[in-house]
Amino acid sequence: MHWMILPFKRYFDFEGRSRRMEYWMFILLNTAVAVLLTGPVLFAAFGVAMDPELSAAGDEVVGEAILASMSGFGGLSLGLYGLFALFAFIPSIAVTVRRLHDRDMSGWWYLGFTLAGILPLVGLIASLVFLVLLLLPGTSGSNRFGPDPKNPYNQDVFA
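Before going into details, it helps to say that this report is about the structure given with it.

Rules used throughout
Residues numbered from 1 in each chain as written. Predicted model: local features only at pLDDT ≥ 70, side-chain atom pairs only at ≥ 80, totals over all residues. Heavy atoms only, no water. Salt bridge = Lys/Arg side-chain N within 4 Å of Asp/Glu carboxyl O. Helix = DSSP H or I, 4+ residues; strand = E, 2+ residues; numbered from the N terminus. Buried < 20%, exposed > 50% of the residue type's maximum accessible area, 1.4 Å probe, protein only. Contact = heavy atoms within 4.5 Å. Expected span 1.5 Å × (residues − 1). Arc of directions from axis to C-beta.

**Considering the pattern of salt bridges**
Link 1 in the chain: Enumeration over the complete set of coordinates arrives at 7 salt bridges.
Link 2 in the chain: For Glu22, the salt bridge identified is with Arg10, shortest N-O distance 3.6 Å. Within this pair, whereas Glu22 is found in helix α2 (residues 20-49), its partner Arg10 is found in the loop between α1 (2-9) and α2, the two being separated by 12 residues in sequence.
Link 3 in the chain: The shortest N-O distance in the salt bridge between Asp104 and Arg144 comes to 3.1 Å. Of the two residues, Asp104 sits in the loop between α5 (73-102) and α6 (108-116) while Arg144 sits in the segment after α7 (120-135), which places them 40 residues apart along the sequence.
Link 4 in the chain: Linked by salt bridges that have partners in common, Arg10, Asp13, Glu22 and Arg98 make up one network.

Below is the structure:
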């Protein structure tokens, strides 16, 4: 649990390095919150859309039924998820920049990969390359962005 909330504790911290554990546990937390808050709403909407009686009535009736199924609890859960996503936006950028720092790359690469993601075929390739970069281990020892977060006391004493 410590790794999941650490990016919230380092809210506006774009300096230093973040381990893979911190980054991926934060991603797991965001995914779990998204599934818990939006999953039941989407499941209910899908169930309404797949109802054969409503499908026979026409698209307008199905749309109205989906909107009706999202009122009440659905609207509340989607609103809560929207607030969470807004609250987690800056920490997600910060932890990604720190993760790139752990790979000894500038945080500006994140902007480059994001802009490359807009282009159709280039975006797919850029997204895959970015995913691989985030999966690779960080540089061992200190780099230009700070000490190794995995072992900050590992100094080359006998080097």
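**Notes on the side chain of Glu22**
Link 1 in the chain: The exposure class assigned to Glu22 is buried, which follows from its relative accessible area of 2%.
Link 2 in the chain: Apart from the residues within four sequence positions on either side, Glu22 is in contact with Trp3, Leu6, Pro7, Arg10, Val95 and Arg98.

**Section: α7**
Link 1 in the chain: Taking 1.5 Å per residue as the helical rise, α7 with its 16 residues ought to reach 22 Å, and the 23 Å between its terminal C-alpha atoms agrees with that figure.
Link 2 in the chain: Every buried residue of α7 is listed here: Gly123, Ala126, Phe130, Leu133 and Leu134. On an axial view of α7, the arc spanned by its buried residues comes to 90°, and they lie on one face. For α7, exposure combined with an orientation more than 90 degrees from the buried face picks out Leu121 and Leu124.

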